[in-house]
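Fold and geometry: a report
Below, each chain spelled out in residue letters.
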Amino acid sequence: MADSGDDQTELSLVVVTTDPATARELSGWLERQLPDGRVAVRTGFYAAMTALARPFEIVIVDLGLPVLREVWRLAEIRNLAGEATIVVVADGRLLPLLSGPLRPDLAVRSVADLPPLRELVTGPAALEDQTMRRRSSR
């Protein structure tokens with residue numbers, strides 16, 4: 001998926017995971033629902049912080065296994081995310097560790113547990129549901 005944002009976009013969704021397989025699965029899940037250029041996929045804390053400072057609508061972060069002495073840094077993601085929805089997708093043993101500093105809006109164990117994308121995305125990037133468009137045009 002291309003990850004070149006433009007200056008008109010506003011961050012709407014940040015998904016944090018701890019392994020590359022889940023990040024790839026998330027990317028594929030989003031790719032089927034969104035046009036190119038709206039999603040940044042980054043590996044590592046500092047790469048994620050850079051993506052959050054750039055104009056992407058959705059950022060997927062593969063943090064790897066969190067280091068206990070550095071987990072407090074994850075609160076910085078919440079600070080940069082502003083009004084965006086923050087979701088954690090991780091093993092059940094890691095959810096409490098990540099949920100403390102991130103204060104996510106949703107924490108799940110797998111991509112299959114995520115609700116429809118239109119329920120996750122906030123702000124200007126919110127997706128229009130086809131049913132809603134049909135109803136509003138009647």
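One can find the structure itself at the top, above this paragraph.
Residues numbered from 1 in each chain as written. Predicted model: local features only at pLDDT ≥ 70, side-chain atom pairs only at ≥ 80, totals over all residues. Heavy atoms only, no water.

So, about the pairing of strand 1 (residues 13-17). Of all five residues in strand 1, five are buried; the element is thus mostly enclosed. Both strand 1 and strand 3 (residues 58-62) contribute to a ladder of five bridges, which runs parallel. Bridging from a neighbouring strand, Leu 13 pairs with Ile 58 of strand 3. Sheet analysis places strand 1 next to strand 4 (residues 85-89), joined by five bridges and oriented parallel. Opposite Leu 13, over in strand 4, you have Thr 85 as the bridge partner. (Buried < 20%, exposed > 50% of the residue type's maximum accessible area, 1.4 Å probe, protein only. Helix = DSSP H or I, 4+ residues; strand = E, 2+ residues; numbered from the N terminus. Pairing = 2+ DSSP bridges.)

The sheet built from five strands is open, its strands ordered 2-3-1-4-5 with parallel pairing. On the outer flanks of this sheet lie strand 2 (39-43) and strand 5 (106-108), each paired with one strand and no other. Direction aside, the axes of adjacent strands within the sheet are offset by 15° on average. Both strand 4 and strand 5 contribute to a ladder of three bridges, which runs parallel. The residue bridging Val 89 from the neighbouring strand is Val 108, located in strand 5. Along the sheet, helix 1 (residues 20-31) contacts strand 1, strand 2, strand 3 and strand 4; its crossing angle with strand 3, the most-contacted strand, is approximately 160°. Helix 2 (residues 45-52) rests against strand 1, strand 2 and strand 3 of the sheet, and its axis sits at about 155° to strand 2. (Axes fitted to C-alpha atoms, helices over the stretch in contact; angles between N-to-C directions. Contact = heavy atoms within 4.5 Å.)

Attention shifts here to the environment of Val 108. For Val 108, the location among the structural elements is in strand 5. When residues no more than four places from it in sequence are discounted, the contact partners of Val 108 are Val 88, Val 89, Ala 90, Leu 95, Asp 113 and Leu 114.

Moving on to the pairing of strand 3. Burial analysis of strand 3 places five of its five residues in the buried class, the great majority of the element. Side chains Ile 58, Ile 60 and Asp 62 project from strand 3 onto one buried face, and the interleaved Val 59 and Val 61 project onto a second face that is buried too. As paired elements, strand 2 and strand 3 share five bridges and run parallel to each other. When the sheet's bridge partners are listed, Arg 42 is paired in strand 3 with Val 61. Crossover handedness for the path strand 2 to helix 2 to strand 3: right-handed. (Right-handed = clockwise from strand over helix to strand, strands pointing away.)

Moving on: the nonpolar core. Ranked by size, the top nonpolar core spans 25 residues in total, and within it Val 14, Val 59, Leu 74, Ile 77 and Leu 98 carry the most contacts. Elements supplying a minimum of two residues to this core: strand 1, helix 2, strand 3, helix 3 (75-81), strand 4 and helix 4 (95-102). Tallying contributions element by element places helix 2 first for this core, with five residues. When near neighbours in sequence (up to four residues on either side) are disregarded, Val 14 contacts Leu 52, Val 59, Val 61, Ile 77, Ala 81, Thr 85, Ile 86 and Val 87. (Core = buried A, V, L, I, M, F, W, Y, C linked by side-chain atoms within 4.5 Å.)

Now for helix 2. Residues that lie three or four places apart on an α-helix share one face, since the helix turns once every 3.6 residues. Among the residues of helix 2, Phe 45, Ala 48, Met 49, Ala 51 and Leu 52 are the ones counted as buried. One side of helix 2 carries all its buried residues, which in axial view fall inside an arc of 160°. (Arc of directions from axis to C-beta.)

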